[in-house]
Number of protein chains: 2
Amino acid sequence: TQELLSESSPEAPKARPCRVSTADRSVRKGIMAHSLKDLQHKVRDTLMLADKPFFLVLEEDGTAVETEEYFQALADDTVFMVLQKAQKWQPPSELGTRYQL
Amino acid sequence: TQELLSESSPEAPKARPCRVSTADRSVRKGIMAHSLKDLQHKVRDTLMLADKPFFLVLEEDGTAVETEEYFQALADDTVFMVLQKAQKWQPPSELGTRYQL
C-alpha cells in the first residue's frame, strides 16, 4: 500500500535519484529508485529493454553494481550504465570530450 | 481549490526556482514551478514553443527528466535544457567556455 512505501516507514529505503545511461552514452534518464531491484525494474521500463537481460555498472569506471548494500552506499545522482549482452563498458574519453570536466 | 494548492498543504509541492536554457544555450530563463507538469507548461509559454513537442533534460549532462518524482528530487535552481525535435544535448565545452567552471 501507499503507507508502506511512504517515507514514514523506517524500513523502506527512501527513493533516491539515479541517472542511467545507455552503453553508447546517447541516452541518459533520471530515475528515482528505492532499491537496486526497483532501479532494475524501472530501467527495464524506461529504456524499453523488454525481457532482454542487462546489468548495471557505474558509468565512470564500469564497476558492476550487483548487491543491494553496495547500491545503498552510492551517492545520490550516481550515473549508472546499462550493459546488455555483448556490450562492454567504454571510458568516456573514447567517445569524445562529452562528460569530461 | 486554492486552499489545496497553497503552501499550507503538506501535499502540494512548493514552487521552486528552475532555470531553463534553450538547446543552443543562447537564452536562459528563471521560472518558478510546483511540478514537472507546471514547468513544462510555463516553458512552453515562456519560450513560445506553441504546440511543438519538446522534452526537458539537465543542462549539465543531458539526463532526461521525465518523472515527477525525479523532478522533485532535484535541487533548487537546477538548470534544465529544452530539446525540440531533432535537437540533441551537447556539452558546454563544444560551444565555447561559456559555462565552464
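Residues numbered from 1 in each chain as written. Chains lettered and ligands numbered in written order. Predicted model: local features only at pLDDT ≥ 70, side-chain atom pairs only at ≥ 80, totals over all residues. Heavy atoms only, no water.

In this fold, Arg 28 of chain A is placed in strand β2 (residues 28-33). For Arg 28 of chain A, a relative accessible area of 5% corresponds to the buried category. Of the polar contacts made by the side chain of Arg 28 of chain A, one reaches the side chain of Asp 61 of chain B; its length is 2.5 Å. (Helix = DSSP H or I, 4+ residues; strand = E, 2+ residues; numbered from the N terminus. Buried < 20%, exposed > 50% of the residue type's maximum accessible area, 1.4 Å probe, protein only. Polar contact = N/O pair within 3.5 Å; in protein donor to acceptor, adjacent residues only side chain to side chain.)

This brings us to the sheet that holds strand β4 (residues 78-84) of chain A. Residues and elements named next belong to chain A. Strand order across the open sheet formed by four strands is β2-β1-β4-β3, with mixed pairing between neighbours. Only two strands of the sheet have a single partner each, and these edge strands are β2 and β3 (54-58). Taking the axes of each pair of neighbouring strands and ignoring which way they run, one obtains an average angle of 35° across the sheet. Here six bridges tie strand β1 (residues 16-21) to β2, and the two strands are oriented antiparallel to one another. Note that in β2 the partner of Ser 21 across the bridge is Arg 28. Running at roughly 140° to β2, helix α2 (residues 36-46) makes contact with β1, β2, β3 and β4 of the sheet. (Pairing = 2+ DSSP bridges. Axes fitted to C-alpha atoms, helices over the stretch in contact; angles between N-to-C directions. Contact = heavy atoms within 4.5 Å.)

Nonpolar side chains tend to gather and get buried jointly when the protein is soluble and globular. All names here are of chain B. With 20 residues, the main nonpolar core has Leu 39, Val 43 and Phe 80 as its most contacted residues. Those elements that place two or more of their residues in this core are β1 (16-21), β2 (28-33), α2 (36-46), β3 (54-58), α3 (68-73) and β4 (78-84). With residues near it in sequence (within four places) discarded, Phe 80 still touches Cys 18, Arg 19, Val 20, Ser 21, Leu 39, Leu 56, Val 57, Leu 58, Glu 59, Val 65, Phe 71 and Leu 74. (Core = buried A, V, L, I, M, F, W, Y, C linked by side-chain atoms within 4.5 Å.)

Residue and element names in this part refer to chain A. One can find Leu 49 in the loop between α2 and β3. On the basis of relative accessible area, Leu 49 is assigned to the buried category, the value being 6%. Each residue touching Leu 49, except ones within four places of it in the same chain, is listed here: Val 43, Arg 44, Phe 54, Val 82 and Gln 84.

Before going further, it helps to examine the interface of chain A and chain B. Chain A puts 14 residues into the contact, and the matching count from chain B is 16 residues. Taking both partners together, chain A and chain B bury about 1,200 Å²; carbon and sulfur atoms supply 47% of that area. At the junction of chain A and chain B, the tally comes to five salt bridges. Between Asp 61 of chain B and Arg 28 of chain A there is a salt bridge, with the nearest N and O atoms lying 2.5 Å from each other. For the pair chain A and chain B, the number of links is seven residue pairs in polar contact (both at pLDDT 80 or more). Secondary structure elements with two or more residues in the side of chain A that touches chain B: β1, β2 and α2 of chain A. Ranked by the residues each element gives to the side of chain A that touches chain B, the list is headed by β2 of chain A, at five residues. In terms of residue class, the side of chain A that touches chain B is made up of five nonpolar, three polar and six charged. (Buried area = accessible area lost by both parts, 1.4 Å probe. Salt bridge = Lys/Arg side-chain N within 4 Å of Asp/Glu carboxyl O. Nonpolar A, V, L, I, M, F, W, Y, C, P; charged D, E, K, R; others polar.)

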